[in-house]
Amino acid sequence: MSDITASGEALPSGKNVRELVHQSLGRRHRQETIFKSMGLVAILVALGFVAILFSIMLTKGLPAFWQANLHTQVYFDPDIIKGGPRPVQEAGQSDADYRQQDLAWQRQVTLSNWNAIVEQTVRDVAPDTDAEKRDILAIITSSARFKLRDMYVEDPSLLGQTVPVTLLASADADNWVKGKLARDLPDERQQLSRSSRDLADQLLADGDITFDFATHIFTNVDSRSAPASAGLAGAFMGSLYMMMVVIVLAVPIGVASAVYLEEFAPKNRWTDLIEVNINNLAAVPSIVFGLLGAAVFINYFGLPRSAPLVGGLVLTLMTLPTIIIATRSSLRAVPPSLRQAALGLGASRNQTVFHHVLPLTFPGILTATIIGVAQALGETAPLLLIGMNAFIANIPASPLDSATALPVQIYLWQANENRHFFEARTSAAIIVLLGLMIVLNAIAIVLRTRLEKRR
Amino acid sequence: MNALFIAALLLVLLGLSYQMGWSRSKKLAAAEGESMHSRPVYHGAFVAIWALLPALVVFGLWALFARSASDNYIISQLPPETSSLAQGEVTSAIQRVKSIASGFGVVGQADPVEAKAAEAYNQFRTLITLGVLAAAAGMGLLGLLWARSRIAKRFRARNEVELAIRIGLIACSAIAILTTLGIALSLIADALQFFSFVQPLDFFFGTSWNPRFQSTGSDAVGEYGLLPLLWGTIMVSGIAMLVAIPVGLMSAIYLSQYADYRVRNVVKPIIEVLAGIPTIVYGFFALVTVGPFLSSAGDLIGIDIRATSALTAGVVMGIMIIPFISSLSEDILHQVPNAMRDGSLGLGATKSETIVNVLVPAALPGIVGAVLLATSRAIGETMIVVLAAGNSPVLRLNPAEPVSTVTVTIVNQLTGDADFTSPQSLVAFALGLTLFAMTLLLNVVALYIVRRFREQYE
């Protein structure tokens, strides 16, 4: 071929190769441009997805961090609050008896007509409203009466006094004053009655309702009766316990198996099997680990359902392969000359590994840990199967209490019927979850660069 | 028993035994006038291992049997007719005695029998606690003394300690095997139980999915045809691959062959962010954004697309999978020897011709492996499909209609109730077994192909 080209001899078609090549060059270069731009388009598509996803979550979720609050005065009316003075523990009374007596008093207090107090509180700032009691209560979150009751139980001397108070607006009222509901819908399709809507508008115009940063998203637990005050604290604690279990179990076990497989294991059938097995476990769907947890930890060992301990165990098994594989690759990156030098100076294999090789892989292990924890933090499906999607109304005090987790809370909130309110709430929870992941990864990157610089 | 107290005991034992081994070794070395086989730290560690191990065994046994032992003791203290009561009443009787014993008291007046039982129980507990502590400490001391007595000039403490460490390491790597075994055994056991209700043939080849809930009919079993779910799974993951393969592969090619390294260093991590986003976030994204968007886009061109459909779930799953395909393919393209690329370019081929005719064919096995791995990921993906596929287990060809998949059905059947006896919840394990088998097959084939490919160019 090259001979022909060089000599410029004619081909059977009557043209020489040079001409042929020149003729086709335009087409080939066009193809080149097309191919290259296809690659560029693919990149842009992928980047575009990242941008769209983040911008949608931010635009939907950020407004949920500011919620409508009503600032007013509350009068603890002695005519309404029942129960009398709080009982005192007498000498010789058993704790159980006193607890029962105190609970009976609290029950009496709770049975008081707190809604009447809430109503009066709202009427104080809007005296000329034509709204009825029902309409007034509809714009205040239903947990307001518990808030007032708790204030009173905490400090019974409030009886007969007037103190300033901030009441959270209900989810419907929040939607309305944020303008998320169409204002021209007919009455029967509105969540709030006409007088409730007018009252909310009036309070907003008077400056009694303001938008304050919703700290209760971080301090409250989930709530069904009062969706406006639902928060992430319970889910956060559940996730925290699970991550603690994962770090305590998965990291030592994962590093130990990686060290064994990479540094000590003889190359034989058995270690081959472990190797294939670990690679395969890394690709087993997470939901299968959930089935394992349900069948083994809950059904066979009888561990409690919905407990972060069980969730943590399932997530540990799930993240182990990730940590093992990442640790192995960082062990492999340690130059063999280092091992040979240590062995040559008379160190045993254990000493070589633990004194010289492993310290060098510390940044790698750290990264592996954080990748594993981030993966575990975002996992939802296996947790649904071990009952962590139960509605839990208090913050878990130990890893054995029922709890839920951040991603599961997102799952529960997106299914809430009050779409207008919970779409934003869910996005807010997603922002918190993604924020945690970004923080984790940022920590990993910072620590790694620092540790690597030191060497 | 107080966990702090146990921890303190173990710590004391650890410190004491380590110190004793260490000082004994030092003393011997000084007396003999020449060096020992092992350094003092190894003697210390050796003694510590032998002191802690027996103590831990004692505590482990106690932890296993403590609860049943104390319950049995309380029952033996209560009148004999208590043990013949229903399970719940026995438990509450035991609970009453325990709360009297703890000093918290019960509501109302405690029964004299109960008070007596509580007193006896308190004594029993003190006794047992002391006994266990003494046993643990005694066993620990025995181990300590035995280990200490073995220390001699020629004693190879380092080898022993290293052996113990080695055993610990092996035990840790066996956990991975145990996990696989656990998955396989538990799935098979529960699936077999399910097949005692439903014929395997009806399950694997049934075309109708309708598991009635037990409340609707006393012994209604329902229909459990796998095919609608399997078809849903295949359709959703097929759509996902249609999105992910072109975008992922072309990005990999562009990044590895065309892009400046500075561009690459910025773009690659951003694309990999897609892999780190929790799947529930994708699910929500599909539900509130992609679904309505596809639906209104369908309206524009006159096609009826449901907001929650196989298409919605598939497209979003495809986005999720892009980084898997792109980073795996990029690695694989890097492994094709440069000589092949340079040869093609040297013969006058354009870059795109080199890529299409030389690089991709050479890397094809690896790319196929990557695609298979990504497919297995798509098949096992749960949350996106739970939220966005519409959950309708009917055999339909139209991807714009809602579907259900194997994973969604596992979640639906096993969420909520905890009973492992009805076919309605056991079917989750049969489905899980099917899923596990499918992904296992894909993974093993894919890993084999990728491995062969790597060896080819190494």
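In this text the structure is predicted, and so the values were computed from the model without any measurement. (Residues numbered from 1 in each chain as written. Chains lettered and ligands numbered in written order. Predicted model: local features only at pLDDT ≥ 70, side-chain atom pairs only at ≥ 80, totals over all residues. Heavy atoms only, no water.)

## Quick notes on the overall build of chain B
Line of reasoning, step 1. Counting secondary structure elements, chain B contains 15 helices and 2 strands.
Line of reasoning, step 2. Computed over its C-alpha atoms, the radius of gyration of chain B comes to 33 Å, more than 25% above the 23 Å expected for a compact globule of 458 residues.
Line of reasoning, step 3. Reported as C-alpha extents along the three principal axes, the dimensions of chain B are approximately 85 × 75 × 40 Å.
Line of reasoning, step 4. Each of the 458 residues in chain B was classed as buried or not, and the buried ones make up 48%.
Line of reasoning, step 5. Excluding contacts between residues fewer than 6 apart, the proportion of contacts in chain B whose partners are at least 24 apart in sequence is 73%.
Line of reasoning, step 6. If you average the places of the 28 positive and of the 28 negative side-chain charges in chain B, the two averages end up 17 Å apart. (Helix = DSSP H or I, 4+ residues; strand = E, 2+ residues; numbered from the N terminus. Rg over C-alpha atoms; globule rule 2.2 N^0.38 Å. Buried < 20%, exposed > 50% of the residue type's maximum accessible area, 1.4 Å probe, protein only. Contact = heavy atoms within 4.5 Å. Lys, Arg positive; Asp, Glu negative; His and termini not counted. Charge placed at Lys NZ, Arg CZ, Asp CG, Glu CD.)

## As for the domain arrangement of chain B
Line of reasoning, step 1. As far as domains go, chain B holds domain 1 (3-155) and domain 2 (209-457).
Line of reasoning, step 2. The straight-line distance from the C-alpha centre of domain 1 of chain B to that of domain 2 of chain B is 52 Å. (Domains from an automatic or database assignment.)

## Some details on the packing of helix α15 (residues 349-360) of chain A against helix α16 (residues 362-377) of chain A
All names here are of chain A.
Line of reasoning, step 1. Running from N to C, α15 and α16 cross one another at 55 degrees; their axes reach a closest spacing of 4 Å. On the basis of their axis angle, the class for α15 and α16 is oblique. For the pair α15 and α16, contact is made by Leu358, Pro359 and Leu360 and by Phe362, Pro363 and Ile365, respectively.
Line of reasoning, step 2. When the residues that make up the contact of α15 with α16 are grouped by side-chain class, the tally is 6 nonpolar, no polar and no charged. (Axes fitted to C-alpha atoms, helices over the stretch in contact; angles between N-to-C directions. Parallel < 35°, antiparallel > 145°, perpendicular 65-115°, else oblique. Nonpolar A, V, L, I, M, F, W, Y, C, P; charged D, E, K, R; others polar.)

## A closer look at the domain arrangement of chain A
All names here are of chain A.
Line of reasoning, step 1. Domain boundaries assigned for chain A yield domain 1 (2-62), domain 2 (66-226) and domain 3 (233-454).
Line of reasoning, step 2. Distance from the C-alpha centre of domain 1 to the C-alpha centre of domain 3: 43 Å.
Line of reasoning, step 3. Both faces combined, the contact of domain 1 with domain 3 buries some 570 Å², and carbon together with sulfur accounts for 77% of it.
Line of reasoning, step 4. Our enumeration of links across domain 1 and domain 3 arrives at 1 salt bridge.
Line of reasoning, step 5. Across the salt bridge formed by Glu423 and Lys60, the nearest N and O atoms sit 3.0 Å from each other.
Line of reasoning, step 6. On the surface where domain 1 and domain 3 come into contact, there are 1 residue pair in polar contact (both at pLDDT 80 or more).
Line of reasoning, step 7. Per-class residue counts for the side of domain 1 that touches domain 3 are 4 nonpolar, 1 polar and 1 charged. (Buried area = accessible area lost by both parts, 1.4 Å probe. Salt bridge = Lys/Arg side-chain N within 4 Å of Asp/Glu carboxyl O. Polar contact = N/O pair within 3.5 Å; in protein donor to acceptor, adjacent residues only side chain to side chain.)

## Structural notes on the packing of aromatic side chains
Line of reasoning, step 1. The full count for this structure, using the stated rule, is 21 aromatic pairs over all chains.
Line of reasoning, step 2. For the pair A:Trp413 and A:Phe422, a centre-to-centre distance of 5.8 Å together with 55 degrees between the ring planes defines the contact as tilted.
Line of reasoning, step 3. Taking 5.3 Å as the distance between ring centres and 85 degrees as the angle between the ring planes, the aromatic pair formed by B:Phe194 and B:Tyr224 counts as edge-to-face. Of the two residues, B:Phe194 sits in helix α5 (residues 157-195) while B:Tyr224 sits in strand β2 (residues 223-224), which places them 30 residues apart along the sequence.
Line of reasoning, step 4. Residue classification places B:Phe194 among the buried positions, given a relative accessible area of 0%. (Phe/Tyr/Trp six-rings, centres within 6.5 Å; stacked < 30°, edge-to-face > 60°.)

## Some points on the environment of B:Glu455
Residue and element names in this part refer to chain B.
Line of reasoning, step 1. Within the secondary structure layout, Glu455 lies in helix α15 (residues 423-457).
Line of reasoning, step 2. Owing to a relative accessible area of 48%, Glu455 belongs among the partly exposed residues under this scheme.
Line of reasoning, step 3. Taking the C-alpha atoms as reference points, Glu455 and Ala7, 448 residues apart in sequence, are found 51 Å from one another.

## A closer look at the packing of helix α10 (residues 233-264) of chain A against helix α13 (residues 308-332) of chain A
All names here are of chain A.
Line of reasoning, step 1. Relative to each other, α10 and α13 sit at 35 degrees, their axes nearing to 6 Å. Classified by chirality, the crossing of α13 by α10 is right-handed.
Line of reasoning, step 2. Within the contact of α10 with α13, the residues separate by chemical class into 21 nonpolar, 8 polar and 4 charged. (Left-handed = near helix turned anticlockwise from the far one by under 90°.)

## A few points about the interface of chain B and chain A
Line of reasoning, step 1. Across the boundary between the two partners, chain B contributes 83 residues, which contact 82 residues of chain A.
Line of reasoning, step 2. Between chain B and chain A the total buried area reaches about 7000 Å² when both faces are included, carbon and sulfur atoms providing 76% of it.
Line of reasoning, step 3. Residue B:Glu353 is joined to A:Arg28 by a salt bridge in which the shortest nitrogen-to-oxygen separation is 2.8 Å.
Line of reasoning, step 4. Inspection of the region where chain B meets chain A yields 12 residue pairs in polar contact (both at pLDDT 80 or more).

## A look at the confidence of the model for chain B
Line of reasoning, step 1. Looking at chain B as a whole, the pLDDT averages 86, with 95% of positions reaching at least 70.
Line of reasoning, step 2. Confidence, read as mean pLDDT per element, is least for helix α3 (residues 87-101) of chain B in chain B (77) and greatest for helix α7 (residues 227-258) of chain B (93). (pLDDT = per-residue confidence, 0-100.)

## As for the pattern of salt bridges
Residue and element names in this part refer to chain A.
Line of reasoning, step 1. In the structure shown here, the tally under the stated rule is 18 salt bridges over all chains.
Line of reasoning, step 2. A salt bridge links Lys178 to Asp174, with the nearest nitrogen and oxygen atoms 3.1 Å apart.
Line of reasoning, step 3. Of the residues examined, Asp174 reaches a relative accessible area of 1% and is grouped as buried.
Line of reasoning, step 4. Via salt bridges that share partners, Glu262, Glu275, Arg328 and Arg332 belong to a single interconnected network.

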